[in-house]
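Geometric and topological summary
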2 protein chains.
Amino acid sequence: MSDSKTFALKGNICYSLDQTRLAVMEQAYVICENGLCAGVYQELPGRFQGIPCTDAGDSLIIPGLTDLHLHAPQYSFRGMNMDLELLDWLNTVTFPEEARYADLDYAGQAYRIFAEDLKKSPATRACIFGTLHVEATELLMDLIEETGIKAYIGKVNMDRNGSPKLQEESPRISVDATLRWLSDISGKYQNVKPILTPRFIPSCSDELMSELSSIQKSFRLPVQSHLSENPGETAWVQELCPYSAFYGDAYDHFGLFGGEGCPTIMAHCVYSSDEEIALMKKRGVYVAHCPQSNTNLSSGIAPVRQFLEQGLSVGLGTDIAGGHSLSMLRAIADAVQVSKLRWRLLDSSKKALTFAEAFYMATMGGGSFFGKAGSFLNGFSFDALILDDRRFPHPQELTVRERLERLVYLDDGHCLTGKYVAGRKIF
Amino acid sequence: MSDSKTFALKGNICYSLDQTRLAVMEQAYVICENGLCAGVYQELPGRFQGIPCTDAGDSLIIPGLTDLHLHAPQYSFRGMNMDLELLDWLNTVTFPEEARYADLDYAGQAYRIFAEDLKKSPATRACIFGTLHVEATELLMDLIEETGIKAYIGKVNMDRNGSPKLQEESPRISVDATLRWLSDISGKYQNVKPILTPRFIPSCSDELMSELSSIQKSFRLPVQSHLSENPGETAWVQELCPYSAFYGDAYDHFGLFGGEGCPTIMAHCVYSSDEEIALMKKRGVYVAHCPQSNTNLSSGIAPVRQFLEQGLSVGLGTDIAGGHSLSMLRAIADAVQVSKLRWRLLDSSKKALTFAEAFYMATMGGGSFFGKAGSFLNGFSFDALILDDRRFPHPQELTVRERLERLVYLDDGHCLTGKYVAGRKIF
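These figures come from a predicted structure and were not determined experimentally. All residue numbers refer to positions counted from 1 along the written sequence of the respective chain. Each chain is given a letter, starting from A, and each ligand a number, starting from 1, according to the order in which they appear as written. Local features are withheld for residues below a pLDDT of 70 in this predicted model, meaning they are given only at 70 or higher, and side-chain atom pairs are given and counted only at 80 or more; totals for whole chains, interfaces and linings count all residues. Hydrogen atoms and water are omitted, and side-chain values are computed over all heavy atoms in the structure.

Put simply, two rings from Phe, Tyr or Trp (the six-membered ring, in Trp's case) pair if the centres are within 6.5 Å, and we call them stacked under 30 degrees between planes, edge-to-face over 60, tilted for the rest. A full pass over the atoms with the stated rule returns 36 aromatic pairs over all chains. Residues Tyr-152 of chain B and Phe-369 of chain B carry aromatic rings whose centres are separated by 5.6 Å and whose planes lie at 75 degrees to one another, so their mutual orientation is edge-to-face. Here Tyr-152 of chain B is found in strand β7 (residues 150-154), whereas its partner Phe-369 of chain B is found in the loop between α12 (355-367) and β15 (384-387), with 217 residues between them in sequence. Note on classification: 1.4 Å probe, protein chains only; a residue is buried when its accessible area is under 20% of the maximum for its type, exposed when over 50%, partly exposed between these limits. Overall, Tyr-152 of chain B belongs to the buried group, its relative accessible area being 12%. Judged by its relative accessible area of 9%, Phe-369 of chain B is buried. An aromatic cluster of at least three residues, connected via ring pairs, comprises Phe-7, Tyr-15, Phe-376, Phe-382 and Tyr-420 of chain A. A cation over an aromatic ring shows up here: Arg-78 of chain A above the ring of Tyr-75 of chain A, its NZ or CZ 3.7 Å from the ring centre. Numbering of helices and strands runs from the N terminus; a helix is a DSSP stretch of H or I covering at least four residues, while a strand is a stretch of E covering at least two. A ring is considered to have a charge above it if a Lys NZ or an Arg CZ atom is located within 6 Å of its centre and within 35 degrees of its normal.

Put into structure tokens, the structure is as follows:
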């Protein structure tokens, strides 16, 4: 199907109007015109009479979901070795596995499984970490390009505190590899784009960070990294960067913490101080909230209500393989769940997230990193999911709103029957 | 297949030896003789040569799981209205829905969906709350009996603090209904048995509790109820029973808190004091730990490590519909997950649960409420699940132990391909 075609999907349409308001229209039409949403209507307006229409029957139609943080090479070991905390898990499981991606055959096998599963998942957009390997990352980009999903993908930079098999030997080598990667892929893709990806402060020397900052400016690249995930990690950053007032300040020191011309995603932010949050707000840094990962790695629960109150941009991430599930629907439920535990156990002055708020984060919240994406408001990219919940029979008639929440909680990965990205039918 | 038959299952066999040790035998045989396990063998011993053998190929074979706490009438609204806390949720959602089970047609529709899904689930045994309605509860028992699952099922008692449509009008009416129920079903079932089910202290007057205690003694019934789930509920019990030293003491006051001849399951125990835990230990009261429910209803995280250290019997429950998922595999992962948050947020002196510990709780831990169930040790009931994880391709060879953990985390409800209860093939 061509991007320029005008067509409609008909079904039970649910989408966020803003952070708290969910629009629900039963048996309505959402129009795609040149890859963009051209309105949701109860009846087709005159100018759209006769356009092709896919009738999704009684299914739900929602905007595509954006996975704002995940690691493609970790997909292979999701759900294994879960009895470890972050830094142990990195050294024992993650680094040895990522080292394998030096072998392009292995990378191909693993990334093909990942790309196929991501394609079938509810994510229409994603911000993805590769490994430090240029060839494997380019292969990953090739494979994701083919899926039709829109993604930022980063070759990882790491020149310290890795392992003998997983570390770039000097800042120069890391920089040269990055430049080679950017040169190789220049102009190559429609759907995927590069994103600068210093792994996290403990993995990147000051010299490397300075060089990456130059690359960021030259190429006007967006940036993704990790921030304040775990108390041990946060303390370590303070040791490594004694000049920094807080973890985020270490990125900011090198100009890699948002601001004009430097769109930045920071994953986790579980232990962000008020100062750090204020700087994120000032610099427009996105939070990729990864509730499942923060649980699995015993990291904690991020203060998401505080982020919202401060007006930060917040999206959700699966953080494969800190998170074990690739489902962004599950991430919505997880976000609500952990926010309730945070309310109960840490701070009863901050209300738990509502379903509508978490749904917003997974759609418009993270989608906005890509521009206008994640809603069916006019002019938004036509990213849509068709979800069939007939596998969950019910003795009563349910409202569409009830069915939406139920589907998010109960989806077993088999509800998704159709997916569109920027007007293009993926399946 | 007759219960008296001797047969073998062949595959990758995983089971708990005790609370911390997991046995894994690749391509081994587990033998069923007269409904009981007769050993796990790498090679078939002479006396078993020639017995029928089902070869599960490369699948995993694990003991059946016991769901120690769930509410059948709440299955219909699982995953909906999740933005409410316990007491609001009971009054707004739960009580109105349970009131519908006065209508036997509605009960039949709803319970058929539940029974069918429970049959297909990884639970081989379950302890189930019905509603206060005698006829609907008997219908539920009929339906579960047909599934082949072994279950304790209780008609609920509640004579106060319900709603106009969901409350027994007097202790006498509740008692008479209970006696009628017990008389109706006497000797009727092979697989299901009655369990005395006072909803929780706030729902049962002192007079009713006294009468139920007499019934418990006359009929030698086991007991199931709720305990220390939520701070508001716990404070309310203190008001309602000023004579009680703590919540569990209110049950104990009426002789409905374990002890000789009164096997008892208490769900939740999130806020159990040291005194309460000590009494549970003394009386042999089982904890039904329901991590997903305690998260969804903003209740908190139970001190499971403390229960284990004190030597309590602990099993897992889905607590449908406080919990939204009927999967006891998911309950294992949830138990590990929330224990990590408890370690991080509440008490770093109590280690998180390991995978092996949570697996034990879902198998032997809860299974022991039914006698010898939940392992493949000799003489245990032959309850077995065959799990096919080929839907999760991997670029490497994995160990069976790795595959088991992965399957528990990733199962989408579609891995279970075979189920046996007490030697009988369910599917």
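Okay, the interface of chain A and chain B next. A common way to express how large an interface is: the accessible area buried when the components associate. Every residue pair with non-hydrogen atoms within 4.5 Å of one another is taken to be in contact. If you look at the interface, chain A gives 55 residues, while chain B gives 55 residues. Summing both sides of the interface, chain A and chain B together bury roughly 4,600 Å²; the carbon and sulfur share of this comes to 56%. Counted as salt bridges are all cases of a side-chain nitrogen of Lys or Arg within 4 Å of a carboxyl oxygen of Asp or Glu. Run the count over chain A and chain B and you get 2 salt bridges. Of the charged contacts, one joins Glu-85 of chain A and Arg-344 of chain B as a salt bridge, the two residues approaching to 2.7 Å between their closest N and O atoms. By the criterion applied in these results, polar contacts are pairs of N or O atoms within 3.5 Å in which, for protein atoms, one can donate a hydrogen and the other can accept it, and in which residues neighboring in sequence qualify only through two side-chain atoms. At the boundary of chain A and chain B, one finds 29 residue pairs in polar contact (both at pLDDT 80 or more). Accessible area that two parts lose when put together, with a 1.4 Å probe and added across both, is what the buried area reports.

Moving on, we get to the sheet that holds strand β4 (residues 53-63) of chain B. All names here are of chain B. One open sheet holds the 7 strands; their spatial order is β3-β2-β1-β4-β15-β16-β17, and the pairing between them is mixed. Because the sheet does not close on itself, it has two edges, and the strands there are β3 (36-41) and β17 (424-425). Here the rule is simple: two strands pair whenever DSSP picks up at least two bridges between them. Pairing of strand β2 (residues 22-33) with β3, which is carried by 4 bridges, proceeds in the antiparallel orientation. Looking across to β3, one finds that Glu-33 is bridged to Leu-36.

The next point concerns the relation of the copies chain A and chain B. Our superposition of the copies is a least-squares fit, built on the C-alpha atoms of residues whose pLDDT is at least 70 in both. Under the fitted operation, chain A is carried onto chain B by 0.0 Å of movement along the axis and a turn of 180 degrees, and the coordinates agree to an RMSD of 0.0 Å. Taken together, the rotation and translation relating the two chain copies correspond to the operation of a two-fold axis. Using C-alpha coordinates, one finds that chain A approaches the rotation axis most closely at Asp-412 of chain A, a distance of 2.5 Å. Comparing contact sets, 100% of the residues at the interface of chain A also lie at the interface in chain B, consistent with an isologous, same-surface contact.

Close approach of charged atoms lets side chains of opposite charge pair. All names here are of chain A. Enumeration according to the criterion identifies 44 salt bridges over all chains in this entry. Here Arg-390 makes a salt bridge to Asp-388, at a shortest N to O gap of 2.7 Å. On the basis of relative accessible area, Asp-388 is assigned to the buried category, the value being 16%. It is possible to trace a salt-bridge network through shared partners that takes in Asp-58, Asp-389, Arg-403 and Arg-406.

All right, on to the nonpolar core then. In this structure, Phe-114, Ile-128 and Ile-144 of chain A are the most contacted members of the largest nonpolar core, which totals 138 residues. Among residues more than four places away in sequence, those in contact with Ile-128 of chain A are Leu-70, Ala-72, Phe-114, Leu-118, Leu-140, Ile-144, Ala-151, Tyr-152, Ile-153, Gly-154 and Gln-224 of chain A. Of all hydrophobic cores here, the second largest spans 137 residues; its members include Leu-221, Leu-227, Leu-279 and Leu-410 of chain B. Throughout this description, the term nonpolar core refers to a set of buried Ala, Val, Leu, Ile, Met, Phe, Trp, Tyr and Cys residues connected via side-chain atoms within 4.5 Å.

Below, the discussion takes up the sheet that holds strand β6 (residues 123-129) of chain A. Residues and elements named next belong to chain A. Pairing is parallel across the open sheet formed by 4 strands, whose spatial order is β5-β6-β7-β9. Taken across any chain shown, the strands that pair with only one partner, and hence form the sheet edges, are β5 (65-71) and β9 (192-194). Going from strand to strand, the sheet's axes swing by 20 degrees on average, the running direction of each strand aside. The axes used here are C-alpha line fits, helices contributing only the stretch in contact, and every angle between their N-to-C directions lies in the interval 0 to 180 degrees.

That is the geometry; function is a separate question.
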